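# Close look at the chain arrangement
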Amino acid sequence: MVLTPEQQAILEGSQGPYLATCMRWLVEWGDVMGARRLIRVDNTHALLPVPNQMARGARRETIERYVEGLREACRHRTAPGCYCTLHVNFVTLDDITLKENDPEQVGMQREIADMAAAAGFIPTFTCAPYLVGNVPLKGEICAWTESSAVVYANSILGARTTRHGNESSIAASLLGLAPEFGVLLDENRKGTLRVDVAADLTSPTDWGALGYVAGKAAGLGIPVFNGVRRPSQAEAKQLCAALATSGGVTMCHIAGVTPEAPTLEAAFHGDVPAPSLTFTNETLREAYQSLRQRTGDDIDSVILGCPHASIREIAEIAALLRGKRVAQPVRLWIDTARGTKGGADAMGYTKIIEDAGGCILCDTCPTNLRIPARRIVTSGFKQAHYARGMVGAEVIVARLEACIRAALAGRWMGDE
Ligand code: F3S
């Protein structure tokens, strides 16, 4: 990779050892990925989570060393002009009675949150930054973590970001630079797999099913959806999350919706292939079945808001719960950003949900928090996929209304 004299000087320590390390992270990554230069980024979504190993007996010195690395990052200002938000943590900063929300870890995370805010990061602690103000414009170069948000930024907003990890997102935030490769370049945004959609998609979770099937088929490629209507924001969110769950998708095109793909021809840069996959009502049904492994019908958890819920989704959930009670001992979690919950508090939705026995969870999600659960009903294909591995629970993926029915009954009641 060719560096400018200023970038080379930073690499050699002109701005201190930590920024030299950040520059090295970007240069080494760029070299491996075939980048030829670093380019300016105006927008980052970074990760500064305290590891959730404390309660599991990890050595204190190991955690301390890692947290000291986070403190060191926060002792530097974010790059001038760069809009920097933060991804979720492994704990919530709220006071909740849950042994997984380890108080020592929460204390450390609060310290990092304060330091990060002072450094210029906006402590959104969300996997859906585009719902709480970080909405890059078409063509804006970003450096985002969180695979679902990366797909959303590239495909729905028309912004440009590769998938970043902890180190690269911190380095990009502090230096305002990222290696130029992958979907940052026009030629790498060409569709690779045509998916014709013949199914009736009637809910956000149906769009998650589409993403889950297409992601598996696309792998690291770029699926192009043909013949599908314009999704709602919630539907697009589910599609993007699922694409990055079953596959390593960084972006997709929805012909007629993705800003740079007004037509199928544009999505494939003029080279339209025959469909590789036709998503039918039967494929839709099979996708649901693939994430419905259960040995019984009683449930203990319902998880909504993966990726984090918008205010509109919270309003819908509140409307379904108004005046009702979640069955004991079911725990109903609605994951969202603290910024969105502030709105829900002010608009009365939080009270309706809490009166019904639900809990709005900020800064994290039950999977990241590793809440113990035996059988989960969820409206998110991503949540269903990861809950099996990370929490070891049985899962049932279902549309929102069926999830709420299960929460109220304490058992899986079927789709209708
Ligand atoms: Fe967000 Fe957790 Fe889902 S971080 S995308 S709610 S698994």
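Residues numbered from 1 in each chain as written. Predicted model: local features only at pLDDT ≥ 70, side-chain atom pairs only at ≥ 80, totals over all residues. Heavy atoms only, no water.

### Remarks on the site of the ligand
Looking at the ligand, the residues that line it are Val88, Cys127, Glu146, Gly305, Cys306, Pro307, Cys365, Lys382 and Gln383. Mapping the ligand onto the cavity grids shows that it belongs to the largest pocket. Elements that contribute at least two residues to the shell around the ligand include exactly β11 (301–309) and α15 (381–391). Residues of the shell around the ligand, tallied by class, amount to five nonpolar, two polar and two charged. Of the domains in this structure, domain 1 (5–186) and domain 3 (293–409) are the two that each give at least three residues to the shell around the ligand. (Near = heavy atom within 4 Å. 1 Å grid on protein atoms, 1.4 Å probe; cavity = no way out; pocket = protein on both sides within 12 Å on 5 of 7 lines; lining within 4 Å. Sits in = over half its atoms within 2 Å of the grid points. Helix = DSSP H or I, 4+ residues; strand = E, 2+ residues; numbered from the N terminus. Nonpolar A, V, L, I, M, F, W, Y, C, P; charged D, E, K, R; others polar. Domains from an automatic or database assignment.)

### Notes on the environment of leucine 19
In this fold, leucine 19 is placed in helix α2 (residues 17–33). For leucine 19, a relative accessible area of 8% gives the class buried. Distance from leucine 19 to histidine 76, taken between C-alpha atoms, is 8.5 Å for residues 57 residues apart in sequence. Sequence-distant contacts of leucine 19, that is, excluding residues within four places in its chain, are made with Ile10, His76, Leu174 and Leu175. (Buried < 20%, exposed > 50% of the residue type's maximum accessible area, 1.4 Å probe, protein only. Contact = heavy atoms within 4.5 Å.)

### A short note on the pairing of β11
A large share of β11 lies buried, amounting to nine of its nine residues. Here β11 runs beside strand β12 (residues 331–336); their pairing, made up of five bridges, is parallel. Of the residues in β12, the one forming a bridge with valine 302 is leucine 332. For the crossover that starts at β11, traverses helix α11 (residues 311–321) and ends in the parallel β12, the hand is right-handed. Where β11 meets strand β14 (residues 375–378), three bridges bridge the pair, whose relative direction is parallel. In the strand pairing of β14, valine 302 is matched with valine 377. (Pairing = 2+ DSSP bridges. Right-handed = clockwise from strand over helix to strand, strands pointing away.)

### Notes on the sheet that holds strand β10 (residues 292–293)
If you trace the six strands from one edge of the open sheet to the other, you get β10-β15-β14-β11-β12-β13, paired in mixed fashion. The sheet terminates laterally at β10 and β13 (358–362), the two strands that pair on one side only.

### With respect to the packing of aromatic side chains
The tally for this structure, following the rule as stated, stands at five aromatic pairs. Note on tryptophan 29 and phenylalanine 181: the rings are 5.2 Å apart at their centroids and 85 degrees apart in plane angle, and the pair reads as edge-to-face. With tryptophan 29 in helix α2 and phenylalanine 181 in the loop between β5 (177–179) and β6 (193–197), this residue pair connects regions lying 152 residues apart in the sequence. The partly exposed category is assigned to tryptophan 29, whose relative accessible area is 21%. (Phe/Tyr/Trp six-rings, centres within 6.5 Å; stacked < 30°, edge-to-face > 60°.)

### Re the side chain of histidine 45
In this fold, histidine 45 is placed in strand β2 (residues 43–46). Judged by its relative accessible area of 0%, histidine 45 falls in the buried class. A polar atom in the side chain of histidine 45 sits 2.7 Å from the side chain of threonine 85. A distance of 2.8 Å separates a polar atom in the side chain of histidine 45 from the backbone oxygen of threonine 126. (Polar contact = N/O pair within 3.5 Å; in protein donor to acceptor, adjacent residues only side chain to side chain.)

### Observations concerning the domain arrangement of the protein
Interfaces are frequently sized by the accessible area removed from exposure as the parts join. Here the domain parsing of the protein yields domain 1 (5–186), domain 2 (190–289) and domain 3 (293–409). Each of domain 1 and domain 2 has a C-alpha centre, and these two points are 28 Å apart. Carbon and sulfur atoms supply 67% of the area that domain 1 and domain 2 bury against each other, a total of about 1,500 Å² over both sides. Taken together, domain 1 and domain 2 are joined by zero salt bridges. Linking domain 1 with domain 2 are five residue pairs in polar contact (both at pLDDT 80 or more), by the criterion used here. Looking at the side of domain 1 that touches domain 2 residue by residue, the classes come out as eight nonpolar, seven polar and four charged. (Buried area = accessible area lost by both parts, 1.4 Å probe. Salt bridge = Lys/Arg side-chain N within 4 Å of Asp/Glu carboxyl O.)

### Re the layout of surface pockets
Within this model, the largest pocket holds a volume of roughly 410 Å³. Surrounding the largest pocket, 25 residues form its lining, His87, Val88, Glu146, Asn368 and Lys382 being those nearest its centre. The set of elements that each furnish at least two residues to the lining of the largest pocket consists of β11, α14 (366–369) and α15. By residue class, the composition of the lining of the largest pocket is 12 nonpolar, nine polar and four charged. No fewer than three residues from each of domain 1 (5–186) and domain 3 (293–409) sit in the lining of the largest pocket. (Points joined across faces, edges and corners; volume = space filled by probe spheres on them.)

### Topic: unusual backbone geometry
Of the consecutive residues cysteine 306 and proline 307, the connecting peptide bond is found in the cis state with omega at -10 degrees. Counting through the fold element by element, proline 307 comes out in strand β11. Here the residue pair glutamine 328 and proline 329 is connected by a cis peptide bond, since its omega of 0 degrees sits within 30 degrees of zero. Secondary-structure assignment places proline 329 in the loop between α11 and β12. Phi at glutamate 146 takes a positive value of approximately 75 degrees, unusual for a residue other than glycine. Topologically, glutamate 146 is positioned in the loop between β4 (142–144) and α5 (147–157).

### Remarks on the sheet that holds β4
Backbone hydrogen bonds hold the strands of a sheet together, and the pairing may be parallel or antiparallel. Strand order in the open sheet made by the three strands is β3-β2-β4, with parallel pairing throughout. The open sheet is flanked by β3 (83–86) and β4, the only strands paired with a single partner. Taken pair by pair, the neighbouring strands of this sheet meet at an average axis angle of 10 degrees, ignoring direction. In this sheet, β4 lies alongside β2 in parallel orientation, the contact comprising three bridges. Looking at the pairing, histidine 45 lines up with tryptophan 144 of β4. Running over the sheet, helix α6 (residues 166–175) touches β2, β3 and β4 and is turned about 145 degrees from β2. (Axes fitted to C-alpha atoms, helices over the stretch in contact; angles between N-to-C directions.)

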